[in-house]
Each structure stands twice: as C-alpha cells, then as structure tokens.
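Descriptive analysis of the structure
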Amino acid sequence: MGAPLPAESEREPAAGRTLPDYLPARMVNEYVYCPRLFFYEWVEGIFVESADTIEGKQQHRRVDREGAPMAAPGEAEGEWKTRSVTLSSERHRLIARIDLIEGEGRRVTPVDYKHGRPRETAAGLEAWPSDRTQLAVQALILRENGYECDEGIVFYQETRQRVRVAMTPELVEETLKAAREAWETARRGVMPPPLAGSPKCPGCSLHPVCLPDETNWLRGVGRDGDERQLSLFGEPVPRKPAMSEGGVRRLVSARTELRPAYLDTQGLRVGRSGDVLVVKDEDKVVQELRIHDLCQLNLMGNIQVTTQAVQALCEEGVPVCYFSRGGWFYGVTTGLVTKNVFLRQMQFRLAAEPWFCLRLGRQLVAGKIRNQRTMILRNHVEPDARLLAEMKRMAEVAVRAKSLEELLGLEGNAARLYFEAFGGLIKTGEGTDVPKVFRLDFHGRNRRPPRDAVNALLSLGYSLLAKDLTVTCYAVGFDPMMGFYHQPRFGRPALALDLMEPFRPLVVDSAVIQAINTRMITEKDFVQAGPAVVLKPEGRKAFYRAYEQRMDTLVTHPLFEYRVSYRRLLEIQARLLARYMEGEIGEYPVFVTR
Amino acid sequence: MRNSYLVCYDISDDKRLRRVFQIMRGWGDHLQLSVFECQLTRAELAELKGELGEVIHHEQDQVLFVDLGPAEGRGDRVITAIGRPYTSFDAPCYVV
Ligand code: SF4
C-alpha cells in the first residue's frame, strides 16, 4: 500500500519551469474568467478553437488591418487615434496589445473589441468583470508609458455598443491582485480546480479537455477515503445519492463528429488537393476524403501518401496510423499538437512508483474481468453459473492484489475461463450449425499466427484498439510508451495497452461476435495458409466497419449517467486518468458496464 | 453537434467561382452546380464563412446558407429528389 497522492497544496512546483517575461493582458482576463482556463492556455499551452474564438479572430483581423505608429506622450496635438499597438509594463511585467487608442494630447482611452454582448444589469449595461480587468491592465501599461488614462471602452461587436469602464482605485487594485495571483498560479504549476456547476463551462471551448463536472463530482467522492472508493467501483456498483439528483451535466457531445478512414487496397496512392485527400488506384480516383471530416487515417499495408497530404493532416491534427498488411500496428504520425509537458513529467514520475502501478493495475484488471463476465452473462446461450461466480470472485481478489505478478496471474486465469466459454457466444442463425471455421476446437486465445477465424478477428481487433488508444494518449498529452500495469518494452505502447484492458471485451470481443453473428463476416472471408487462418481483404474491410460500428455505439457511463459513444468514452477515460495522476481525483474510475 | 446546411452560391467572376468551389469541396458534398450539402459544427460554420468572406466580392457575389437542422437522425426526409437519386452518407467510417 502506498501513500496517497500528495494534496495539491503540498505539491512542489514542477522543476525546470521557466516563465515568460510578461503576462499578457488577455491572460489576466482569462484568469479572472476562470483560473483553470488561464492555466490550460498560458501554462500548458492548450487552446481549443470554438465558434466564438474563430469569429473573434476574424473580426480582429479586420480591426488590425489599419495600423499606424503611435504618438509619443505629449507629441500629438488635438485628437488622435491609433490601432493595434503593443506596449508593456516593466514594473508589473504585463504586456498588452491594444485594439484602438483614442487620444487627446497626453490623455488616452484604450478601446477593446469584444466579440459578444455587454452584461445587462439593473443599473444598465456594463462590461463583464474579466473585460474590465483586461482594460485596467491596458490602462496601467499606458500610464507607465507616460500617458494619462482614467477610463477605457469595451466595444461589443454583437450589439455594436460602447461601454465605458472607469479606472477606479478599486479596479486597479483588483487587477493588480489578479495579475499577482495569475503569476503565482503559473509559478506553482498546479492546475486550479474546475468551477463548480458554472454557467460559464458550457460556453467554454475547453470543456472537453477540462471535464469540469466530472472532475468535481469525482473529487467529492474521492475525499471519503480509500475504503469507500474501492467499494464504489466494486461490484455491484452502488447507486450513490448524488446520482439521483440528476447525475452530471453532459457538456461534451455524445459522439465525435469526425470519422476514421481505413485504406486497405494494396497500391493505393493518396494525394492532396486543397482540403481534400484524393485516393487513387492506378490513375483512377476511387475516393475523395475531406480532411475536415476525418479523425484519423489508417493505412493498412502498402499505401503511398504524399508529403503534402501528411503535412495537411498534421496541421489539422489528424493522425496517420500505419499497419502491416496483416494488421500489425507499426506506429503513428501526429502533428505537434500537444504541449502538455507537465502531464508527461508526472507520468514518468509515477511510473517509477510501484504503489501507483499496483493501484492502477488493480482497477484495470478488475474492470476487465468484470466486463468479460458481463459479456458472457449477456451473450452466452447458457451461461455457466459457476463460471460467473468464479469470475466475480476473481475481480474481487484483483482489487486487493498484493503485487503486479499476482495481478498478471489473475488476469491470465480469468482470460482462460472466459475464452473457454467464448465459443458459446457465437450463434449464426437458428437451426444452422456454426460453420467449422468459427468453431473453437481449442481452449483460449492463440496468436502469431492465429490458427482459427475467431482468433484472427480478435487479433486484428486488438490491434485496432491499441491504435485508437495510442492516438488518444497523444491527444491527451500522455506518452503512450510509458505504462503502469504493462511495463515498458520495445515497440509496445504500454500505456495504450493499460487503458485498453477494460475495453477489450466491450469493444473488440463484442465487435467480433457481432460481425460473425450478423453474418457481416462469413466463412468465405478466410483462407487457410499453412497453420494460419488469414482474413481475406473483403473480410478485413467488413471487420473495420463492424469495429467502427461498435465504437459508434452509445453506452451509459456508470458514474456520470450520461450516454456517450465508445469512441468518446476512450478519451474521457484517458482524461480521467490524467486527472488522477495530477492528484485531482482520488482513484481512477475504471469503466465497467452494468 | 453538427448541423446540416445547404450552401448555394452565385459568384459573378470565374476566378472567384473556382476558388469558392475549391473551398466548398473541403467542407461538404457537391450536390449540384453551385450547391453543396455540409454538416458543420458552429465553429466549422464560422471558419467556412471566414474563408469564403476572404474570397468573395461583397457587392457582387452571394452565398446562401440554408439551415436544415441537426445532422444526427435527420435521415433523408429533408432533401428529396426527382431524377437522379439523392443519398446521404451514413456510415461510422470510410473504408477504401
Ligand atoms: S470548462 Fe469551466 S472550469 Fe473548465 S476551464 Fe472552462 S470555464 Fe473553467
């Protein structure tokens, strides 16, 4: 048993951190809006575009076009104006880009263009608190540069209204305090907690990264200590009082709107024309794929891709995944999208802690065994009660395992029981016999090479799932190679394999059963090659569809009670692991279906 | 959440017309001569409008956005065709 993760307040600031020289006014605005948002954007460099930020940028592009040099204090006579000026304050280490300055002699008024609308109060229209702070930073900087400034203006573009902000001593003081706190937060390097139930979150473009309600909800649970934790995620999963109050708001959409593409015709060539990938067989265009519609490009075997296409994919954040013809996963090309260095530091630190590896390993193995048991319970013609009881017991033992070796043993034993019963999940229509190729006349898994059709499908499926979790690890900012339960080994994405354990039965095994039972894949899709059974190209293509159909299925999250697709779920679970590692929540909530 | 849009344009200059067509290809299915069907999030719509706004002549050209409602579960009811059939793409992945 190891010590729990240190509380946030006790944690040392991450070593080797260097801070920029100046804090931008826009970041003080973010800090006042939400300290966590500030931390993500300024410290971790994570920024997600939303409709508001894009529209805002477009409007700024128009405003910024007309730029002119600025008059030095006292130099200009009468009224003057200048746009898009960058100034800084040495004393407060603040910097600001000011959209418009209206001056009269030495006296100036900064004008800030904001995308939205002003705040309506009983006293009339007002600037939002975070906007007031941003203008106050600008005023402070102008003053330090020798101008006189006692008010600023926010121009709200949606309603085209100018709202005045007076530079009162209170506002100046609040602003300096916010700037100091922001510096301090960045220096400590510990992420501030999410806002609780705030109306700001649904409109915040970072909510899919931040998971404010999920994190808060789990923080509330985690504080009750380890014992309760374990029983909460144990089986049966008890209904918690908080759940009956409506569960957690679902801020992320249920499905990812982007689709993966699988290219599995040997010799295809992929080029790029504008934002479209053009896939050719010889000289014939066989498919056009819009880059904006893709979440990944999977190349199965010998497919050529132009550098221009790879560059466009990297820029859009679409990973390219490479496989052998037989489905062996080689690796991924991704753009330079994640800068989340601190999470990686924490990952490496914790991977060296045996107690952490064991604690996470227990959750993952117990979750996997429970999910395997659920598969049998739901899909077997005649589930064996003794087997179900035994698997249940094994999951309970896993939660208390004393070592990784013990866990590995338990996992192996459970897998053997499970795969012995797996043949009973295959049903191909009433009265008809299960075709010979799908009959499991051995016990358990065999690989390299798979010696029957079911194992061939399982192997390909696990390879696809390992790919998806590797991609997820990159998206979240993890290093996929450094695992906890799976120890690092050459060429093995150990963390992806860790995260994958509970999902193997739910995603892959289930897709395999579905593909066979609905005859998406039949005995004609296989050939025997020596001792190996090999999937033919059309069979492989059918299986990609079966797998992605499964990924697209909506499931209810047992803790948050909302429905999301498995594809979305993989990301949520990976982000929750990050929350756990960063010390925000007390236990990794492994995913288990009811 | 994605919404479906019918995007129709009338561009009075050939060079701009080609550029608008190129942009639209990146965002939707080409249904007819100057008509695309696009499924866009709010952010994507803003991006598309921004890209088109940079290219078109604001006095001479026009682009219409017809909102067809949420993309998910829309089915084929919203657009029907006579003559060549209309089909919408509805698979969880692309396989080539
Ligand atoms: S989702 Fe809410 S808590 Fe998270 S960064 Fe955005 S505003 Fe802050």
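Everything below is about the structure shown above.
Heads up: these notes are all about the structure in this document. As a convention, each chain's residues are numbered from 1 in the sequence order in which they are written. Lettering for chains starts from A, numbering for ligands starts from 1, and both go in the order in which the items are written. pLDDT decides what is reported in this predicted model: residues at 70 or higher carry local features, side-chain atom pairs at 80 or more are listed and counted, and totals for whole chains, interfaces and linings draw on all residues regardless. Only hydrogens and water are removed before side-chain values are computed, so all heavy atoms of the structure are retained for them.

Here we look at the pattern of salt bridges
The rule for a salt bridge is simple: a side-chain nitrogen of Lys or Arg has to be within 4 Å of a carboxyl oxygen of Asp or Glu. Here the structure, examined in full by the defined rule, presents 30 salt bridges over all chains. Among the ionic pairs, E571 of chain A bridges to R575 of chain A, the shortest N-O distance being 3.0 Å. Here the residue E571 of chain A and the residue R575 of chain A both occupy positions in helix 20 (residues 566-581), the gap between them amounting to 4 residues, near one helical turn. A single burial state applies to E571 of chain A and to R575 of chain A, both of which are buried. Salt bridges here are not isolated pairs; linked through shared partners, they connect R290 and D293 of chain A together with R2, D29 and E44 of chain B. Helix numbers and strand numbers start at the N terminus; a helix is a DSSP run of H or I with at least 4 residues, a strand a run of E with at least 2. Per-residue accessibility, obtained with a 1.4 Å probe over protein chains only, is compared with the maximum for each type, and a residue is labelled buried under 20%, exposed over 50%, and partly exposed between these values.

Let's talk about the interface of chain A and chain B
Quite often, the size of an interface is put as the accessible area lost when its parts meet. Contacts: residue pairs with any heavy atoms within 4.5 Å of one another. Chain A puts 39 residues into the contact, and the matching count from chain B is 25 residues. Buried area is calculated as the accessible area (1.4 Å probe) missing from two parts once they are joined, with the contributions of both summed. On the chain A side of the contact with chain B, E257, R259 and R290 of chain A bury the most area, a combined 24% of that side's loss. The salt bridge partner of R2 of chain B is D293 of chain A, with a shortest N-O separation of 3.5 Å. Pairs of N or O atoms within 3.5 Å make up the polar contacts considered here, provided that, within protein, one atom can donate a hydrogen while the other can accept it, and that residues adjacent in sequence are counted only when both atoms are side-chain atoms. Counting the contacts that link chain A with chain B gives 12 residue pairs in polar contact (both at pLDDT 80 or more). Looking at the side of chain A that touches chain B, the elements with two or more residues in it are helix 3 (51-65), strand 9 (259-263), strand 11 (276-281), strand 12 (284-290) and helix 19 (537-552) of chain A. Three categories are distinguished: nonpolar for Ala, Val, Leu, Ile, Met, Phe, Trp, Tyr, Cys and Pro, charged for Asp, Glu, Lys and Arg, and polar for the others, with Gly belonging to the last. Residues that form the side of chain A that touches chain B fall into these classes: 14 nonpolar, 9 polar and 16 charged. By the convention used here, strands pair only if DSSP detects at least 2 bridges between them. Across 2 bridges, the pairing between strand 9 of chain A and strand 5 (residues 94-95) of chain B is parallel. Following the sheet pairing, A261 of chain A is matched in strand 5 of chain B by Y94 of chain B.

A word on the state of the cysteines
Residues and elements named next belong to chain A. The disulfide criterion used throughout: a pair of cysteine sulfur atoms within 2.5 Å. What the rule picks out here adds up to 0 disulfides over all chains. Of the cysteine sulfurs around C295, a residue in no disulfide, the closest is that of C321, at 9.2 Å. Judged by relative accessible area, which is 19%, C295 ranks as buried. Left unpaired, C314 is separated from the closest cysteine sulfur, that of C321, by 11 Å.

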